[in-house]
Amino acid sequence: RATAAHAAPARVALLAAHRGRRAASARVSSTSANVTADVESLAAWVTDQGGDVSATRVGVGDRGRGLFASRDVEAGEVVLRVPIECALNDGRAEPPYPGAPWSVVLAAELLRERAKGDDARLSRYVRSLPSETIGFANSSFASREGAADLLADDAAFDELERYDFLLRGSAAAVQKHHAFEDWRWAMSLAHSRTFRVEEPAPSGDAKKTLGATRRLMVPYVDLLNHDSRETEVQCEWSCVWDLGGGGGDFVVKATRDVRQGEELVTSYGERDDRHFFLFFGFLPEPNPHNGVALFRGLEEAAAWYEALCGDGEETRDAWASARREAVATVRAETEKPGADRPDEGEGEGEAGWTSTDAEAEEAAALRAGADAAVDERLLRLFEILSGDPDVAVAAVRVRAQRLLEDMRAAEARVAAGSFAAGSDAEAETFALDSAAGYRRRRRVLLEEIA
């Protein structure tokens, strides 16, 4: 839900025009608003465990089910405090098999708790969770032929394939204990309701100077909804650790005054639409951090530019040298020493893919955002290769036009294909509609450049 932040690459506007955006945040999900759960019982249980949720109440608003201020709250005041011991913690749970990644560990623990019924320690938390499977990545379309056309986005399809590899591989490993549909549900919750935290090393442990990254599913706190606009967010969370015993509290504080009845909103991270669409089941509206990947990285962009110029075989060696020098120059000008760098086009579907790999891939991607803002690394690369900043801008426009042509071809195949709803018609219709919304917003960004 929230990951370690890294600085976003600077973007340069190709167009000066600013278009108005709708201010309201609209959830594109059918998941949370209609879930019936005994959340009052969950709040009472958290309180019994030593937590405090008295400044909040559960309600339904524009974003679906969420948390609202039950009284006026001042900036800096704690609005939620939940003991970490109440959370599902991948560092405390039993892995279902050796080397299982964090989401598999949490999914297995969640299903163990659900199987215990009312006798489970977290039974009231489990009852509060949505019964639906969350996110396009967990829909029946994710592994169907034609999924690439539904996304019309190579980067999103790469991520989808990696996740499907993990989902189906882990499902096969636990199939003696869990049916696939149950496993997919649990994995969808692990990927949509988890907080990433850094647990410090216990005090007095001379062998460990660094802590460990943990993922927590925190009861009641995960009812907080998201907004991508900094001006709308008025809650931030942190962990207050008990260094001696490994416990502590998960704490949510108000960053500004909040009036009684106002929805309490946090940020799940400054992400583009792709992650929200695949794993959270909604598209933030508006999303000032949205963007489209024009290239996976500098090498791919330089190779594309060479192909665009259409020179013959006799210049191949000269181009190879020019590409290497241009890429090295841009990296020297823009990268911090020691920055992680993924191998472009490698690693898709591999079990060893980690969150660090994903963050490095995201940082390497050359993106365009709202108002035709383009990653300055791409413009600089094309300027070095062409010797002319105007030619660099023109090349970016050509790239956007080519991507739009690919998208139109994919949408034509979607329109001509058969994506009939199966046994769960409502969920599958929602998945198709959300995919169309994802493509539409991506198309708008490309059209602003082209």
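Residues numbered from 1 in each chain as written. Predicted model: local features only at pLDDT ≥ 70, side-chain atom pairs only at ≥ 80, totals over all residues. Heavy atoms only, no water.

Here we come to the overall build of the chain. Counting its regular elements, the chain contains 13 helices and 14 strands. Taking all 450 residues of the chain together, 49% fall into the buried category. In the chain, once contacts between residues fewer than 6 apart in sequence are set aside, the share between residues at least 24 apart is 75%. For the chain, the exposed surface amounts to about 21,000 Å²; the carbon and sulfur share of it is 48%. (Helix = DSSP H or I, 4+ residues; strand = E, 2+ residues; numbered from the N terminus. Buried < 20%, exposed > 50% of the residue type's maximum accessible area, 1.4 Å probe, protein only. Contact = heavy atoms within 4.5 Å. Areas by Shrake-Rupley, 256 points an atom, 1.4 Å probe, with all protein chains shown as cover.)

Taken together, three strands build an open sheet; the order of strands is S4-S10-S9 and the sheet is antiparallel. Strands at the two margins of the open sheet, each flanked by one partner only, are strand S4 (78–83) and strand S9 (235–241). Direction aside, the axes of adjacent strands within the sheet are offset by 20° on average. Taken together, the seven bridges between S9 and strand S10 (residues 248–254) define a ladder with antiparallel strand orientation. Looking at the pairing, Trp237 lines up with Val252 of S10. (Pairing = 2+ DSSP bridges. Axes fitted to C-alpha atoms, helices over the stretch in contact; angles between N-to-C directions.)

Counted residue by residue, strand S12 (residues 291–295) has five buried out of five residues, so it is predominantly covered. Where S12 meets strand S13 (residues 366–369), four bridges bridge the pair, whose relative direction is antiparallel. Residue pairing across strands places Ala293 opposite Arg367, the latter belonging to S13.

Across the sheet, three strands lie side by side as S5-S7-S6; this open sheet has antiparallel pairing. Edge positions in the sheet fall to strand S5 (88–89) and strand S6 (195–199), since each has one partner strand and no second. Here two bridges tie S5 to strand S7 (residues 212–217), and the two strands are oriented antiparallel to one another. Bridged to Leu88 within S7 is Met217.

Counting across every chain of the model gives 35 salt bridges. Connected through salt bridges with shared partners, the residues Arg63, Asp227, Arg229 and Glu263 form a single ionic network. (Salt bridge = Lys/Arg side-chain N within 4 Å of Asp/Glu carboxyl O.)

Before going further, it helps to examine the nonpolar core. Membership of the largest hydrophobic core comes to 80 residues, with the highest contact counts inside it found for Leu80, Leu110, Phe136, Trp183, Tyr220, Val221 and Phe250. With near-sequence residues (within four places) excluded, Leu80 lies in contact with Asp52, Val53, Thr56, Leu67, Tyr220, Val221, Leu224, Phe250, Val251 and Val252. The next biggest cluster of nonpolar side chains, apart from the first, holds 33 residues, and it includes Leu366, Leu381, Ala392 and Val396. (Core = buried A, V, L, I, M, F, W, Y, C linked by side-chain atoms within 4.5 Å.)

This paragraph deals with the packing of helix H9 (residues 316–334) against helix H11 (residues 376–386). One can describe the packing of H9 onto H11 by two numbers: an axis separation of 9 Å at closest approach and a directional angle of 140°. Relative to H11, H9 is oriented oblique. The crossing of H9 and H11 is right-handed. Contacts between H9 and H11 pair Trp319, Ala322, Arg323, Ala326, Val327, Thr329, Val330, Glu333 and Thr334 from the former with Arg377, Arg380, Leu381, Ile384 and Leu385 from the latter. Its residues assigned to classes, the contact of H9 with H11 comprises eight nonpolar, two polar and four charged. (Parallel < 35°, antiparallel > 145°, perpendicular 65-115°, else oblique. Left-handed = near helix turned anticlockwise from the far one by under 90°. Nonpolar A, V, L, I, M, F, W, Y, C, P; charged D, E, K, R; others polar.)

Considering all chains together, one arrives at 16 aromatic pairs under this definition. Ring geometry for Phe136 versus Phe277: centroids 5.0 Å apart, planes at 25°, classification stacked. Of the two residues, Phe136 is situated in the loop between helix H3 (123–128) and helix H4 (147–151) and Phe277 in helix H7 (residues 273–280); the sequence distance between them amounts to 141 residues. Classification of Phe136 by relative accessible area gives buried; the value is 2%. Of the residues examined, Phe277 reaches a relative accessible area of 1% and is grouped as buried. Just above the ring of Trp185 sits the side chain of Arg114; from NZ or CZ to the centre is 4.5 Å. (Phe/Tyr/Trp six-rings, centres within 6.5 Å; stacked < 30°, edge-to-face > 60°. Lys NZ or Arg CZ within 6 Å of the ring centre and 35° of its normal.)

For the bond running from Glu285 to Pro286, omega is 0°, close enough to zero to count as cis. Along the chain, Pro286 falls in the loop between H7 and S12. Even without a glycine there, the phi angle at Ala152 is positive, about 50°. When you line up the elements, Ala152 lands in the loop between H4 and helix H5 (154–173). Looking at Ala152, the relative accessible area reads 12%, which means it is buried.

Residues at a pLDDT of 70 or more form 84% of the chain, whose mean pLDDT is 87. Throughout residues 2–7 the model reports pLDDT below 50, and contacts reaching past four residues in sequence, or to other chains, amount to twelve contacts. Contacts from residues 15–37, a stretch scored under 50 in pLDDT, to residues over four places away or in other chains number 60 contacts. (pLDDT = per-residue confidence, 0-100.)

For helix H1 (residues 39–48), the full list of buried residues reads Val39, Ser41, Leu42, Ala43, Trp45 and Val46. On its buried side, H1 packs onto strand S2 (56–61), strand S3 (64–69), S4 and H3. Gly50 occupies a position one or two residues after H1 and carries a positive phi of about 105°.

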